[in-house]
Amino acid sequence: MRLIIFFLFANFLYGANVETISVFSLSMNKQIKNLVITPDQYEDISLASVYLLHGAGGSYLDWNTKVQGLEQYCDKFNIILICPDGGGNSWYFDSPIDSNYRYETYICKELVDFIDNKYLTKKDPKFRAISGLSMGGHGALYLSIKNQNIFGLAGSMSGGLDIRGFSNNWNLSDRLGNIKVNSKNWENNTVIKLIDRFKIKNLKLIIDCGKDDFFLDVNNAFHNKLIRKEINHIYKIKEGKHNWVYWRESVFEHLNFFTENFNKNL
């Protein structure tokens, strides 16, 4: 009986709230689902927020259904976690050829505004982070570099950080056009080229990739470019492949990096 009581009490201690919210996107004229995890008690204090982006072909449910411990993490460290739906294969930019895919506008304007109005969040970029896996890793760095007034911290796990070498994959040509005909679209929307157009000032970055991941070369290239540009960042090559075994561990490294910086900024 004592063991049962203790187990119930332990669960009570970590009573994070998980809800699916639907946000109407004016830019795309549709409802978009998002998963939001909030700590059990936060009504009287504004909290930092972390946006987690899924990979190609995934959905807003992926992070919480495939990773154990996110609810407990939010409860223990008093953060709000938001998992947007990225439309399957949006790559999280505003498509220059398809107005049905305007996910930079959706996340950085419509969703952030909705979250900040509905929940008690700290509005300063120093307390708002974004990360993701694969397509979401590209998206997190892309969105944060272009919108440093919104996100002050960003991460990428196994990110496709240069999409130009994958023009036949993941519906990318449907978003950007044929790479030979529309090369400027590809140049303007691959994150590795953004470093040439946007100055990174206070954005704190954490990037990692598995040593057996097919995106390792583009991650190494991105890392080396950050070094040449003298942009501070954390970069790790770890054991692992492009799969959930890797991301289940990596996501908590990113969350720890974010929460440590949130605490420093208090």
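Residues numbered from 1 in each chain as written. Predicted model: local features only at pLDDT ≥ 70, side-chain atom pairs only at ≥ 80, totals over all residues. Heavy atoms only, no water.

### Considerations on the pairing of strand β2 (residues 30-38)
Here is the key point about a regular strand: its side chains alternate between the two faces of the sheet.
Turning to step 1, where the next piece is worked out: Strand direction decides the pairing type here: strand β1 (residues 17-25) and β2, joined by nine bridges, are antiparallel. Within β2, the position partnered with F24 by the bridge is Q31.
Turning to step 2, where the next piece is worked out: Adjacent in sequence and paired antiparallel, β1 and β2 are bridged by four residues, among which N29 carries a positive phi angle near 55°.
Turning to step 3, where the next piece is worked out: One ladder, built from four bridges, connects β2 with strand β4 (residues 79-84); its direction is antiparallel. Across the sheet, residue N34 finds its bridge partner in β4, namely P84. (Pairing = 2+ DSSP bridges. Helix = DSSP H or I, 4+ residues; strand = E, 2+ residues; numbered from the N terminus.)

### Structural notes on the pattern of salt bridges
Turning to step 1, where the next piece is worked out: Under the criterion given, the structure shown has 13 salt bridges.
Turning to step 2, where the next piece is worked out: A salt bridge links E253 to K238, with the nearest nitrogen and oxygen atoms 3.0 Å apart. Taken as a pair, E253 in helix α10 (residues 244-264) and K238 in strand β8 (residues 234-238) lie far apart in primary sequence, 15 residues in all.
Turning to step 3, where the next piece is worked out: If you follow the salt bridges from partner to partner, you end up with D162, R164, E187, K193, D196, K225 and K229 in one network. (Salt bridge = Lys/Arg side-chain N within 4 Å of Asp/Glu carboxyl O.)

### Some points on the side chain of T190
Turning to step 1, where the next piece is worked out: Relative to the helices and strands, T190 resides in the loop between α7 (183-188) and α8 (191-197).
Turning to step 2, where the next piece is worked out: Reaching out from T190, the side chain makes a polar contact with the side chain of D162 at a distance of 3.3 Å.
Turning to step 3, where the next piece is worked out: Of note is the side chain of T190, whose polar atom sits 3.0 Å from the backbone nitrogen of I163.
Turning to step 4, where the next piece is worked out: Setting aside anything within four residues of it in sequence, one finds T190 in contact with H138, L161, D162, I163 and R164. (Polar contact = N/O pair within 3.5 Å; in protein donor to acceptor, adjacent residues only side chain to side chain. Contact = heavy atoms within 4.5 Å.)

### Considerations on the packing of helix α3 (residues 70-77) against α10
Turning to step 1, where the next piece is worked out: The N-to-C vectors of α3 and α10 enclose an angle of 15°; their axes lie 12 Å apart at closest approach. The pairing of α3 with α10 is recorded here as roughly parallel in orientation. The handedness of the crossing between α3 and α10 is right-handed. Of α10, the residues touching α3 (which contributes L70, Y73 and F77) are F252, L255, N256 and T259.
Turning to step 2, where the next piece is worked out: When its residues are assigned to classes, the contact of α3 with α10 shows five nonpolar, two polar and no charged. (Axes fitted to C-alpha atoms, helices over the stretch in contact; angles between N-to-C directions. Parallel < 35°, antiparallel > 145°, perpendicular 65-115°, else oblique. Left-handed = near helix turned anticlockwise from the far one by under 90°. Nonpolar A, V, L, I, M, F, W, Y, C, P; charged D, E, K, R; others polar.)

### Re the pairing of strand β7 (residues 204-210)
Turning to step 1, where the next piece is worked out: Counting buried residues along β7, six of its seven residues qualify, which places the element largely inside the surrounding structure.
Turning to step 2, where the next piece is worked out: Pairing analysis gives five bridges linking strand β6 (residues 153-157) to β7, with the strands arranged parallel. When the bridges of β7 are listed, A154 appears paired with L205.
Turning to step 3, where the next piece is worked out: Examined bridge by bridge, β7 and β8 share five bridges and lie parallel to one another. Along β8, the bridge assignment pairs G210 with K238.
Turning to step 4, where the next piece is worked out: One crossover worth recording links β7 to the parallel β8 by way of helix α9 (residues 216-228), and it is right-handed. (Buried < 20%, exposed > 50% of the residue type's maximum accessible area, 1.4 Å probe, protein only. Right-handed = clockwise from strand over helix to strand, strands pointing away.)

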